[in-house]
Amino acid sequence: MYPNSTDITFDMEYYAKTHIPMVQQLLGEALKKTELEVGISGAAPSEPAPFVAIANLYFETLESFQTSFGPHVATIVADTPNYSNVQGEIQIGKIV
């Protein structure tokens, strides 16, 4: 999740066409599904979206996330300056 702000820069084309495919390749079969959500607005149409982008990565288990993501976290984070001036936040959740 990439928090929106007045001074954020975010290259959505690079993120969608280069960064996300790189992450998919690095995580391999452990990654079951990927969704990219682009922020459009807040609750009212005139409000800015609270997040400029949210990438949802789906795994079978927390352990499969940790095992696949951990070894590549430095590579994934190092690519951030290629598309944004803000570091994303990670939230681990469970679909219920």
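One structure accompanies this document, and this report is about it. (Residues numbered from 1 in each chain as written. Predicted model: local features only at pLDDT ≥ 70, side-chain atom pairs only at ≥ 80, totals over all residues. Heavy atoms only, no water.)

**Concerning the pattern of salt bridges**
Next up, step 1: Within the structure shown, the criterion is met by 2 salt bridges.
Next up, step 2: Of the charged contacts in the structure, one is a salt bridge between K17 and E13, with a shortest N-O distance of 3.7 Å. Here E13 and K17 lie together in helix α1 (residues 12-27), a separation of 4 residues that amounts to about one turn.
Next up, step 3: With relative accessibility at 61%, the residue K17 sits in the exposed group. (Salt bridge = Lys/Arg side-chain N within 4 Å of Asp/Glu carboxyl O. Helix = DSSP H or I, 4+ residues; strand = E, 2+ residues; numbered from the N terminus. Buried < 20%, exposed > 50% of the residue type's maximum accessible area, 1.4 Å probe, protein only.)

**Let's talk about the packing of aromatic side chains**
Next up, step 1: Within this structure, the stated rule accounts for 9 aromatic pairs.
Next up, step 2: Relative to Y15, the ring of Y2 has its centre 5.4 Å away and its plane inclined at 80°; by these criteria the two rings are edge-to-face. Here Y15 lies in helix α1 and Y2 lies in strand β1 (residues 2-3), a separation of 13 residues in the sequence. We note that Y2, like Y15, is buried.
Next up, step 3: Taking the centre distance of 6.3 Å and the plane angle of 20° together, the rings of Y14 and Y83 count as stacked. Taken together, the residues span a long stretch of sequence, with Y14 in helix α1 and Y83 in the segment after α3 (73-78) at a distance of 69 residues.
Next up, step 4: Taking the relative accessible area as the measure of exposure, Y83 reaches 3% and is therefore buried. (Phe/Tyr/Trp six-rings, centres within 6.5 Å; stacked < 30°, edge-to-face > 60°.)

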